[in-house]
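Spelled out, the chains give:
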Amino acid sequence: MGCDGGTIPKRHELVKGPKKVEKVDKNAKRAARWKYCALSQEKLRRPIVSCELGRLYNKDAIIEYLLDKSAERPNVEAVTHIRGIKDIKELNLTDNPEWEGERRNTKGDRYEDIHCGMFICPVVGLEMNGKHRFCYLQTCGCVFSDRALKEVKTEICHKCGDPFKDEDLVVLNGTKEEVDELQEKMEERRAKTRTKKSKKTKAVKTVPAKAVAGPSGSSTNDVKTLSASSIKRSFQDMQGKSEAFKSLFTTHSSAKRTKDQTSNWVTHTPYHF
């Protein structure tokens, strides 16, 4: 077969079979969701925000997306539900004292633990690396593990003391079923806000203009007519006012100039001599 030394090639060396499908390591994929931005795929750095579906983003990446939505970006489908800055919440995270970050040894002469999280739960100390279920509160943005919320049941935030309800809990990087449930809740909240706004606009339109009372208790039309009549009325026509009082205003005869005192080049009319 053209090989030196009398070697006989085998079948797998001559016939190329189908390529094996490369499988992504589940542990590495899970850890990457907690260390990289879901939009820009850059490393998460403060300030870190989350949406109503529990995805993690860098705040500057979300602001750039909101300023220019027409730009081509990877993973845009992860932020299509974000309409404005009100749809995200800045997270109040607790740093992990064992996280070395960029200071760790990159020579390759030591074991690198990819499961070491940048943040931990402030109550039980669990690392936020994807192995444990974490939630954040929409009221204050504090992040806790699900185990801490179950073991220490309370209606007050463990970190800042703000009150919260079970409806304010949002699961971070949840499963597909949890994301679908969060999406249904998000759509219900937005539908309620739309109905409230529509009711307010209808109520404003149905109120007649004459029924709107002014500061003196009368309608707005009456206030306009009174103000117009008071403007047209001159102080010089008022009865019961002395000449000394009337002379304080420019409409008095003493404030008017004669032809000898005026000049054709003056662009304004000063009332002092």
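A quick note: this is a predicted structure, and the numbers were derived from the prediction, not measured.

Cut-off values and rules
- Residues numbered from 1 in each chain as written.
- Predicted model: local features only at pLDDT ≥ 70, side-chain atom pairs only at ≥ 80, totals over all residues.
- Heavy atoms only, no water.
- Salt bridge = Lys/Arg side-chain N within 4 Å of Asp/Glu carboxyl O.
- Buried < 20%, exposed > 50% of the residue type's maximum accessible area, 1.4 Å probe, protein only.
- Pairing = 2+ DSSP bridges.
- Helix = DSSP H or I, 4+ residues; strand = E, 2+ residues; numbered from the N terminus.
- Axes fitted to C-alpha atoms, helices over the stretch in contact; angles between N-to-C directions.
- Contact = heavy atoms within 4.5 Å.
- Polar contact = N/O pair within 3.5 Å; in protein donor to acceptor, adjacent residues only side chain to side chain.
- pLDDT = per-residue confidence, 0-100.

(A) Focus on the pattern of salt bridges. One pass over the full model with this rule turns up 12 salt bridges. For the salt bridge of Glu42 with Arg45, the shortest nitrogen-to-oxygen distance reads 3.3 Å. Taking relative accessible area as the criterion, Arg45 reaches 38% and is therefore assigned partly exposed. A salt bridge links Asp87 to Arg83, with the nearest nitrogen and oxygen atoms 3.2 Å apart. Residue Asp87 is classed as buried on the basis of its relative accessible area of 9%. Residues joined by salt bridges that share partners form a network here, namely Glu52, Arg83, Asp87, Arg189 and Arg190.

(B) Here's a closer look at the sheet that holds strand β7 (residues 143-145). Strand order across the open sheet formed by three strands is β7-β6-β8, with antiparallel pairing between neighbours. Both edges of this open sheet fall to β7 and β8 (169-171), since each of them pairs with a single strand only. The mean inter-strand angle of the sheet, taken between neighbouring strand axes irrespective of direction, is 35 degrees. Both strand β6 (residues 134-137) and β8 contribute to a ladder of three bridges, which runs antiparallel. Within β8, the position partnered with Cys135 by the bridge is Val171.

(C) Local environment of the environment of Glu90. Looking at the secondary structure, you find Glu90 in strand β3 (residues 88-90). Glu90 gets classed as partly exposed once you look at its relative accessible area, which sits at 41%. For the pair formed by Glu90 and Lys59, sequence separation is 31 residues and the distance between their alpha carbons is 7.9 Å. Ignoring anything within four residues of it in the chain, the contact list for Glu90 reads Pro47, Ile48, Val49, Lys59 and Gly141. A polar contact is formed between the side chain of Glu90 and the side chain of Lys59, at a distance of 3.4 Å.

(D) Molecular detail of the pairing of strand β1 (residues 48-51). Neither face of β1 is open: one carries Ile48 and Ser50, the other Val49 and Cys51, and all of them are buried. For β1 and strand β2 (residues 56-58), the ladder comprises three bridges, and the chain directions are antiparallel. Residue pairing in the sheet places Val49 in a bridge with Tyr57 of β2. With antiparallel pairing between neighbouring strands as the criterion, β1 and β2 make up a hairpin whose turn holds four residues, including Gly54 at a positive phi of roughly 85 degrees. As judged from the three bridges shared by β1 and β3, these two strands associate in the antiparallel manner. Bridged to Val49 within β3 is Glu90.

(E) The confidence of the model for the protein chain, seen in detail. In the predicted model, the protein chain carries a mean pLDDT of 79, and the fraction of residues at 70 or more is 75%. Looking at the elements of the protein chain, mean pLDDT is at its lowest for helix α6 (residues 220-232), recorded as 48, and at its highest for β2, recorded as 95.

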